[in-house]
Amino acid sequence: MDSPDSFAFLNEDPLPDVEDETELQDDEESLLELINRDITDRLQDEDRLLMEFINVDNKDSLGYNSEIQSGENINEICSSQVLEAPNGSKSWIPVVDESLKPVLKTCFDSLDHAISMYSNYAEAAGFDIRLTSKKLNKFGIVQIRYVVCSKSGVPKKTTFNSLEHSGRKKKIRNSNFKRCDCKAGVKFRLLKGVGKYELYDFVEEHSHPLLSSTDMCFSRKRRQLGFGDKMLVHRGNSLNLGASRVHKMRTTCKGGYDFCSSSTVDFQNFKRDMDKYVVDGGDAQMFINMMNNRKDVAPNFFFDYKVANSELVCTFWADEAARFNYSEFGDVMSFDATFRTNRYCMVFIPFTVVDNHKKSVIVGAALVNKEDGENYIWVLEAFLRAHGKAPLLVLTDQCLAMKQAIAAVFPNSRHRLCMWHIMDKLPKKFSTELLNGTSFRKEMNKIVWDVQLDPEEFEHKWNVLMEEYSLSGDKWLQALFNIRRSWIPAYFKHLPMCSLMKTTSRSESINSFFNSFSHYGNTLVFFVNCFDAALDKQRFTQRSLDHVTKSTFPKFLTPCKIERHASDIYTRAVFNVVQMEIYKAAWNCSIENVESEGDVNSYKIAHKDKASNLKCHHKVVEDKKQSIIFCSCNSFIRCGLLCRHIFKVLLNTNVEKIPEKYILRRWRRDLIPRDLQHTRLRYGDLDEEQEKMFNEVLSTVENCLGRLRCHKEDLARFTESIRILKKEVDVSFPNENASSSKVNTIVDLIGVSQPDNVEVYPPTGIRNKGCGKGKRLVGAGEIASNKASRHKRLCRSCGKLVNHDSRNCPNKVT
């Protein structure tokens, strides 16, 4: 992606502390010999000939046009004075303000201030600098430091014959070089007893043209990524945005490429450096350390993991908000496995419930290296340790390993199979003539999905349907009938909240939601960052719906006071459902008969459907003594909300409020405390105030610029004020490298450093059904089904309508 010479300068500081190949060794005699060597020593004959060839015959390769020959034109472009020696060689002396020029014998309080001075001079002059040799004293303090022009040194000599090509050998890259043995630079030394650094040598002349002010955007210093750029790369990675796309966004936001000197390659290199930092540091161990750090600073954060043969096998985690959500909405839970979320092919398992806004929320997440019963048992046991109780109903697909684990860990929970996954197999089991040419599919769906049927009614209608279409002997249908208690709604009718989820569609939606944030090439550390970003969006949606509920007022459909009461207690999404039931009770339902026996009244409610013009009847029983009301449609048990038939009775008896015992806590507004939805509390960030100030400064500056954009004079004053503040920062922090290196920045962004000892490694050799980077593993049944559904064509060899042609016909004569 970039040359080894330029890779070292992709650190965040404008003066990367990268040592040249001439960096002194620990041996003091070698150091003194290298420092005392005169910088003006001549090169060997071979090197001198090479440089003469460069300076005389190939001036274009040094970065300026060969048509510009006069010193006057070059001075105009580069703001430099050109001196020509008798032998024809030229040297360039920068023309800059005298206050910026280095002065011999000048003393500096620190080496950072000294380097910053020369860096400012170099930027004004039009060249880059590089830190090279240094000498340390016995206390580890820098005693002597060299700062030279970036074009100092001799390029590596690589020769190759461009006419000779070998397919087996690696092709040598014919790239440009930057170094041309420029002698410009400064030397600093530590004064004994003073503690200051003195500038004792300064070479002003350069052996190459200097950059103009308009081309300084291509200099290495200007190309350095600032903290804002690196933060954007990291956050883009958490949102599954590549470095190239992030660079386009950054360039657009800054107003164009003239204001964003960093290239796409610089962004890509930093992303590569972050990945390499995590991989080299032991990804699994860093993942465990990250989670343990959150556990230490946030006591309610739960995390556990399992290791076998020094490899990570299983892990489960749930933050405080997730644990609270489960305590309130954990009556019905669904979970499913998703793939291609990380580079180790570990299976991601999010646990999903329905909140008070009827939205899917995560109450825990797990990673396993294999979908087997043992791993699922461990995950569910960790789930039980985190939440303390099992759900009433667990919904999954027809995974045998999940079924065994649920039976072992949640023995008192009802396990329900996804109805959609079962019914989706119907077209693969029967002919098109039966499904499309008859009413079998319509009648089958009618009895399977009907939530009003009793078990006896369902079995009777099933048997009648099987006899009608002569399917009593079908093995697949018989197998479905044998497990009817695991998926038919009739057998869950009296289970609380059984109609909250009948399929795993919510889990499938959550899987798709998380896959949009993650990428199969992510490390475990960056997968967690992606998971956090997805969770942030989910929790923000929760907060926005809470805000809508509190800050808006619904449009009422009836004059009934009970509708006003419902709007005061329910969230907006739930109120919309209840409001429609009240509306139907007021205008579509009627009481045909009332029977009284003591304190118990029985109502026969007729409900007319305007669409089909059909009338159905339900029985509502009201016990005034015990304050109980029940409807035969069983809506309150199935969904936790009163039905239109009960509301019809309440309206008829002038009830103005919904009875308290029929207001479930899980549907109430303002149920989730706001502090639990706060990101920093969930992640246990100790620098919340610091990050708040950081974001406040960015927002304030952006706001000021937005207001001053059309007022040039005021904008100039604001700019000057910012420059003054920047100078104060430069004085306090002259060299950014002194306070924040590239490694420190990466640690700040990802939230964990490389461990001293690696005890846990990522899993290897995983082969799950969705682990491949290309196509997933497909079973024989699915292959046959897909092949059968393909459009058939006429084979000219066998003369039949089949799924092959004459080229691959099995009857073809060879």
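Reading guide: rules and limits
- Residues numbered from 1 in each chain as written.
- Predicted model: local features only at pLDDT ≥ 70, side-chain atom pairs only at ≥ 80, totals over all residues.
- Heavy atoms only, no water.
- Helix = DSSP H or I, 4+ residues; strand = E, 2+ residues; numbered from the N terminus.
- Buried < 20%, exposed > 50% of the residue type's maximum accessible area, 1.4 Å probe, protein only.
- Areas by Shrake-Rupley, 256 points an atom, 1.4 Å probe, with all protein chains shown as cover.
- Pairing = 2+ DSSP bridges.
- Axes fitted to C-alpha atoms, helices over the stretch in contact; angles between N-to-C directions.
- Contact = heavy atoms within 4.5 Å.
- Parallel < 35°, antiparallel > 145°, perpendicular 65-115°, else oblique.
- Left-handed = near helix turned anticlockwise from the far one by under 90°.
- Nonpolar A, V, L, I, M, F, W, Y, C, P; charged D, E, K, R; others polar.
- pLDDT = per-residue confidence, 0-100.
- Polar contact = N/O pair within 3.5 Å; in protein donor to acceptor, adjacent residues only side chain to side chain.
- Disulfide = S-S within 2.5 Å.
- Phe/Tyr/Trp six-rings, centres within 6.5 Å; stacked < 30°, edge-to-face > 60°.
- Core = buried A, V, L, I, M, F, W, Y, C linked by side-chain atoms within 4.5 Å.
- Expected span 1.5 Å × (residues − 1).
- Salt bridge = Lys/Arg side-chain N within 4 Å of Asp/Glu carboxyl O.
- Right-handed = clockwise from strand over helix to strand, strands pointing away.

## As for the overall build of the chain
Consideration 1: When you go through the chain residue by residue, the secondary structure sums to 31 helices and 20 strands.
Consideration 2: Counting only residues that meet the buried cut, the chain has 44% of its 814 residues in that class.
Consideration 3: Counting only carbon and sulfur atoms, one obtains 51% of the accessible surface of the chain, whose full area is about 44,500 Å².

## Regarding the pairing of strand S15 (residues 589–597)
Consideration 1: Relative to strand S16 (residues 600–609), S15 is paired through eight bridges, and the arrangement is antiparallel. Within S16, the position partnered with Glu595 by the bridge is Ser602.
Consideration 2: Counting the residues in the hairpin turn of S15 and S16 gives two residues, including Gly598, whose phi is positive at 70°.

## Quick word on the sheet that holds strand S14 (residues 414–417)
Consideration 1: Read across the sheet, seven strands follow the order S8-S9-S12-S11-S10-S13-S14 without closing on themselves; strand pairing throughout is mixed. Both outer strands of the open sheet, strand S8 (302–308) and S14, are each paired with one neighbouring strand and no more. Between one strand axis and the next, the sheet turns through 20° on average, direction left out of account.
Consideration 2: Docked against the sheet, helix H13 (residues 400–409) engages strand S10 (332–335), strand S13 (393–396) and S14, running at close to 170° with respect to S13.
Consideration 3: Taken strand by strand, helix H21 (residues 524–551) contacts strand S9 (311–318), strand S11 (347–354) and strand S12 (360–368), and its axis lies near 170° from that of S12.

## Focus: the packing of helix H17 (residues 440–449) against helix H18 (residues 455–468)
Consideration 1: In contact at an axis separation of 10 Å, H17 and H18 are set at 165° when each is read in the N-to-C sense. The angle between the axes of H17 and H18 places the two elements in the roughly antiparallel class. H18 is crossed by H17, and the crossing has left-handed handedness. Here H17 contributes Phe440, Glu443, Met444, Ile447 and Val448 to the contact with H18, which in turn contributes Phe458, Lys461, Trp462, Leu465, Met466 and Glu468.
Consideration 2: Here the residues of the contact of H17 with H18 sort into eight nonpolar, no polar and three charged.

## What about the sheet that holds S15?
Consideration 1: Spatially, four strands are ordered S15-S16-S17-S18 in an open sheet, and the strand pairing comes out antiparallel. Each having just a single partner strand, S15 and strand S18 (628–631) make up the two edges of the open sheet. In this sheet, adjacent strand axes meet at a mean angle of 20° when their direction is disregarded.
Consideration 2: With 10 bridges connecting them, S16 and strand S17 (residues 614–623) associate as antiparallel partners. Opposite Val600, over in S17, you have Asp623 as the bridge partner.

## A short note on the confidence of the model for the chain
Consideration 1: On average, residues of the chain score 82 in pLDDT, and 83% of them are at 70 or above.
Consideration 2: Counted against residues more than four places away or in other chains, residues 1–78, with its pLDDT under 50, gives 132 contacts.

## Here we look at unusual backbone geometry
Consideration 1: Positive phi values are uncommon outside glycine, yet Lys105 reaches one of about 70°.
Consideration 2: Tracing the backbone shows Lys105 in the loop between strand S2 (90–94) and strand S3 (107–108).
Consideration 3: You can call Lys105 exposed: its relative accessible area is 55%.
Consideration 4: Notably, Ser310 is not glycine yet its phi reads approximately 65°, a positive angle.
Consideration 5: Since its relative accessible area comes to 37%, Ser310 is described here as partly exposed.

## Some points on the side chain of Asn601
Consideration 1: When you line up the elements, Asn601 lands in strand S16.
Consideration 2: You can call Asn601 buried: its relative accessible area is 9%.
Consideration 3: Within the local environment of Asn601, its side chain forms a polar contact with the side chain of Ser596, the two groups lying 2.8 Å apart.
Consideration 4: In this structure Asn601 touches Glu595, Ser596, Val620, Val621, Glu622 and Lys624, once residues within four positions along its chain are discounted.

## Notes on the state of the cysteines
Each disulfide consists of a covalent bond between the sulfur atoms of two cysteine residues.
Consideration 1: This structure, assessed with the given rule, holds zero disulfides.
Consideration 2: Cys798 supplies the cysteine sulfur nearest to Cys795, a cysteine that is in no disulfide, at a spacing of 3.6 Å.

## With respect to the packing of aromatic side chains
A ring pair, where both rings are aromatic, is described by two values, the distance of the centres and the angle of the planes.
Consideration 1: Throughout the structure, instances matching the rule amount to 31 aromatic pairs.
Consideration 2: Relative to Phe410, the ring of Phe383 has its centre 6.2 Å away and its plane inclined at 65°; by these criteria the two rings are edge-to-face. Here the residue Phe383 occupies a position in helix H12 (residues 373–387), and Phe410 occupies one in the loop between H13 and S14, the gap between them amounting to 27 residues. In terms of burial, Phe383 and Phe410 fall into one category: buried.
Consideration 3: Taking the centre distance of 5.8 Å and the plane angle of 65° together, the rings of Phe430 and Phe440 count as edge-to-face. Taken together, the residues Phe430 in the loop between helix H15 (426–429) and helix H16 (432–437) and Phe440 in helix H17 connect sequence positions 10 residues apart. With respect to burial, Phe430 and Phe440 carry one shared label: buried.
Consideration 4: Through a chain of ring-to-ring contacts, the aromatic side chains of Phe287, Phe303, Tyr305, Trp317, Phe348, Phe513, Phe514, Phe517, Phe527 and Phe531 assemble into a single cluster.

## Concerning the environment of Phe303
Consideration 1: Considering the arrangement of structural elements, one finds Phe303 in strand S8.
Consideration 2: For the pair formed by Phe303 and Thr315, sequence separation is 12 residues and the distance between their alpha carbons is 7.5 Å.
Consideration 3: In this view, Phe303 contacts Phe287, Ile288, Met291, Asn292, Lys295, Thr315, Phe316 and Trp317; residues no more than four positions away in its chain are not counted.

## Observations regarding the nonpolar core
Consideration 1: Phe440 and Tyr570 are the most contacted members of the largest nonpolar core, which totals 66 residues.
Consideration 2: Counting 47 residues, the second-largest nonpolar core is a separate cluster that includes Phe267, Phe303, Trp317 and Met346.

## So, the environment of Ser596
Consideration 1: Mapped onto the fold, Ser596 is located in strand S15.
Consideration 2: Considering only alpha carbons, one finds Ser596 and Val621, 25 residues apart in sequence, at a separation of 9.7 Å.

## So, the side chain of His234
Consideration 1: Checked against the element boundaries, His234 lands in helix H7 (residues 227–238).
Consideration 2: Residue His234 is classed as buried on the basis of its relative accessible area of 7%.
Consideration 3: A polar side-chain atom of His234 sits 3.1 Å from the main-chain carbonyl oxygen of Leu749.
Consideration 4: Sequence-distant contacts of His234, defined by excluding residues within four places in its chain, comprise Met274, Phe526, Asn529, Leu749 and Ile750.

## A short note on helix H10 (residues 283–297)
Consideration 1: Taking 1.5 Å of rise per residue, the 15 residues of H10 would be expected to cover 21 Å, and the 21 Å separating its terminal C-alpha atoms lies within 8% of that figure.
Consideration 2: Within the span of H10, buried status applies to Asp283, Ala284, Gln285, Met286, Phe287, Ile288, Met290, Met291 and Arg294.

## So, the pattern of salt bridges
Consideration 1: Per the counting criterion, the structure on display carries 29 salt bridges.
Consideration 2: The shortest N-O distance in the salt bridge between Lys254 and Asp229 comes to 4.0 Å. Within this pair, whereas Lys254 is found in helix H8 (residues 243–254), its partner Asp229 is found in helix H7, the two being separated by 25 residues in sequence.
Consideration 3: What makes Lys254 partly exposed here is its relative accessible area of 35%.
Consideration 4: Classification of Asp229 by relative accessible area gives buried; the value is 6%.
Consideration 5: A salt bridge links Lys276 to Asp280; the shortest N-O distance between them is 2.7 Å.

## Examining the environment of Cys260
Consideration 1: Tracing the chain through its elements places Cys260 in the loop between H8 and helix H9 (264–280).
Consideration 2: Separated by 10 residues in the primary sequence, Cys260 and Arg250 have C-alpha atoms spaced 7.6 Å apart.
Consideration 3: Every residue in contact with Cys260, bar those within four places of it in the chain, is listed here: His247, Arg250, Thr251 and Lys254.

## Considering the pairing of S14
Consideration 1: Pairing geometry for S13 and S14, over four bridges, is parallel. In the sheet register, Leu395 faces S14, and the bridge partner there is Arg416.
Consideration 2: Note that the unit made of S13, H13 and S14 has a crossover that is right-handed.

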